[in-house]
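An overview of the molecular structure
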Amino acid sequence: MNSFFRRRMLLCSLKFYGVRRLYFFTIFIFVSSLIVFGLIGYHKPFHQKKIHSDKQQREQRKTGTISGVVNLPQNNGQQKPTVETSDQNSTKRLPNSPDQLHILSSDVLKLMRTTKPNYNIHTFYYPWYGNPKYDKVYLHWGHVYEQHWNALYAKQWPSGRHSPPEDIGSNFYPTLGTYSSRDKAVLESHMRQIRAAGIGVVVVSWLPANSNDGEGKSWNHVMMILLDTAHKYSLKIAFHLEPYKHRSIFSIQHNLKYIFKTYGHHPALYKHQHNGKILPMMYVYDSYEITLDRWQYLLRPGERYSIRGSEIDAFFIGLLVKASHRRELLESGFDGFYSYFASVGFSYGASPQNWGSLSAFARQKNLMFIPSVGPGYDDTRIRPWNFQNKKSRNNGTYYEKNFKLAMKAKTGIISITSFNEWHEGTQLEMASPHDIRNSYDDVIYSYEDYEPYPPDYYITLTNKLVKQFSDKRPSSNSKPLKGL
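Here the residue numbers are simple positions, counted from 1 along each chain's written sequence. Per-residue local features are limited, in this predicted model, to residues with pLDDT of at least 70; the limit for side-chain atom pairs, both in listing and counting, is 80 or more; totals at the level of whole chains, interfaces and linings are taken over all residues. Think of the side-chain values as coming from all heavy atoms in the structure, minus any hydrogens and water.

**Focus: the overall build of the protein chain**
A tally of helices and strands in the protein chain yields 13 helices and 14 strands. Sequence-distant contacts, at least 24 apart, represent 72% of the contacts inside the protein chain between residues at least 6 apart. Helix and strand assignments follow DSSP, with helices taken as H or I runs no shorter than four residues and strands as E runs no shorter than two, numbered in order from the N terminus. Whether two residues are in contact is decided by their heavy atoms: any pair within 4.5 Å suffices.

See the structure below:
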């Protein structure tokens, strides 16, 4: 009995101490959890604050391959800048609602109302973007990583596609987000920004309806909406004829007939006066892909397929890449040439030291030379191996320097590459700070931005440069904007 009692007491004692130990162990786990999660909760906002306040850390994160991307809220919990709407004096945070994407800063709205467009300043515009709401899929934002032509070298770089809306094929992130070019509110915002910049002509990238780009889409259907929206702000639209499969002088002639029939009578279609004629202007990208003798059939008077003097006649501006192209374009029957590329030194035409001689040649031959300038160049998010052509913006000094060199060349027209070519980082359009985060909310990539300046910095800087150009070379057909 005593033996049984002792064994029983021993068992009860063991149970008691076991329960007590389990009790204290449970309390320990609970308290530890509070401490750990409390520290995490305290640390996370501090970590985020440090990321967004430390510019050096942002720059360090702007390199590297993207991986582990997850879809997160577009604003990442960050406060949006304060802006003023066009119809209210009150201020609001910039919303993500597509219906309100036209909201711009009070500075831009003021410039839009007070600045006359200069029709001798042109900017290249791309209407090829899409998102699931308007286009069922993302278009162009999920750009492929273009492979280097050397197969062995190409293995060093990423392949595949970007994954929008967080991971996009651009080194910058648009303030309007991954928008669709079919969204009328977006087009409204774009025309307001362009008008505020003092630009008069929007040179729209164009493909015929039966052709498509690398995304398998044509954006011809956007043209009428663009023309209508541009007209509202006294802006003009010119066509930038892009290359497509089997492009020839015959298909171009067919394209011209379609353009003139569909858009020829629209008041927003840009018409230029040169050599005593007033005609629409057509920029031709990669014009050198068609041989000189073929162009002569289309552009020389008296030739069998010539458009000269016909109802589809236009001023043709060819792309000048090599020094030899100026002679070829002259003999082909072109009315002028442009340089397009925003990366200084990328081509003969994109080298400002050659602009003086090109301008002199154009004047001597009664041609138009249209130099192209841009705020910078960075396409390493779609061509990660192309770092040698990257041109830093340097807070606007790169842009300002080249714009003034274009003015010094004494040309009648200056073109800007570009308003919204996001893939190559040449855009004037508003861009904002944005981060890609993984599932642990760690920043794995930070997009470039215009800091320490606001998202509309290159709109206001362009306005200043255009005013300097206008003071020396005022546009004779500029008209003040009314009704706003």
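**Observations regarding the packing of aromatic side chains**
By convention here, two paired aromatic rings are described through the distance between centres and the angle between planes. Pairing of aromatic side chains here covers Phe, Tyr and the six-membered ring of Trp, requires ring centres within 6.5 Å, and sorts the geometry by plane angle: under 30 degrees stacked, over 60 edge-to-face, intermediate tilted. Summed over the entire model, instances satisfying the criterion amount to 37 aromatic pairs. For the pair F124 and Y283, a centre-to-centre distance of 5.4 Å together with 80° between the ring planes defines the contact as edge-to-face. Here Y283 lies in strand β7 (residues 277-284) and F124 lies in strand β3 (residues 118-125), a separation of 159 residues in the sequence. Across this residue pair, the class does not change: F124 and Y283 are buried. The buried label applies to any residue whose accessible area, calculated with a 1.4 Å probe on protein chains only, is under 20% of its type's maximum; exposed applies above 50%, and partly exposed to all values in between.

**A look at helix α12 (residues 397-408)**
Helices are assigned an expected span. That span is 1.5 Å times one less than the residue count. With 12 residues, α12 extends 16 Å from end C-alpha to end C-alpha; this agrees with the ideal 16 Å at 1.5 Å per step. Three or more residues of α12 are buried, namely Y398, Y399, E400, N402, F403, A406 and M407. The inward-facing, buried residues of α12 abut β3, α11 (355-364), β11 (372-373), β12 (414-416) and α13 (457-472). Just beyond α12, the residue with positive phi is K410, at close to 60°.

**Regarding the nonpolar core**
Soluble, globular proteins show a tendency: their nonpolar side chains are buried together. Core analysis: the biggest nonpolar cluster contains 112 residues, and W295, F316 and F403 have the highest contact counts within it. Discounting residues that sit within four places of it in the chain, F403 has contacts with I121, V373, I414, I416, L465, V466 and F469. What makes a nonpolar core is a set of buried Ala, Val, Leu, Ile, Met, Phe, Trp, Tyr and Cys residues whose side-chain atoms join them at distances within 4.5 Å.

**What to know about the pairing of strand β4 (residues 199-206)**
In terms of burial, β4 is a largely internal element, 8 of the 8 residues being buried. By the bridge criterion, 5 bridges tie β3 to β4 in an arrangement that is parallel. By the bridge assignment, Y125 is partnered in β4 with V204. In terms of strand pairing, β4 meets strand β5 (residues 236-241) through 6 bridges, oriented parallel. By the bridge assignment for β5, V204 is matched with F239. When the strands point away from the viewer and the path from the first strand over the helix to the second turns clockwise, the crossover is right-handed. Chirality of the crossover, the property in question, places the unit of β4, helix α7 (residues 223-232) and β5 among those that are right-handed. Pairs of strands are assigned from DSSP output, requiring at least two bridges between the strands.

**Observations regarding the confidence of the model for the protein chain**
Scored between 0 and 100, pLDDT is the confidence that the predictor attaches to each residue. Across the protein chain, the average pLDDT comes to 83, with 76% of residues at or above 70. This model gives residues 35-55 a pLDDT under 50, and the stretch forms 19 contacts once residues within four places in sequence are excluded.

**Concerning the environment of K217**
Relative to the helices and strands, K217 is located in the loop between β4 and α7. Judged by relative accessible area, which is 39%, K217 ranks as partly exposed. The spatial distance from the C-alpha of K217 to the C-alpha of L207 is 9.4 Å, given a sequence separation of 10 residues. Sequence-distant contacts of K217, that is, excluding residues within four places in its chain, are made with L139, S211 and N212.

**A look at the packing of helix α9 (residues 292-299) against helix α10 (residues 325-332)**
Each axis is a line fitted through C-alpha atoms, taken for helices only over the stretch in contact, and angles between the N-to-C directions span 0 to 180 degrees. Running from amino to carboxyl end, α9 crosses α10 at an angle of 35°, the nearest separation of the two axes being 8 Å. Contacts between α9 and α10 involve L292, W295, Q296 and L299 on the former and, on the latter, E328, E331 and S332. Asp, Glu, Lys and Arg are counted as charged, while Ala, Val, Leu, Ile, Met, Phe, Trp, Tyr, Cys and Pro are counted as nonpolar; the rest, among them Gly, fall into the polar class. Residues of the contact of α9 with α10, tallied by class, amount to 3 nonpolar, 2 polar and 2 charged.

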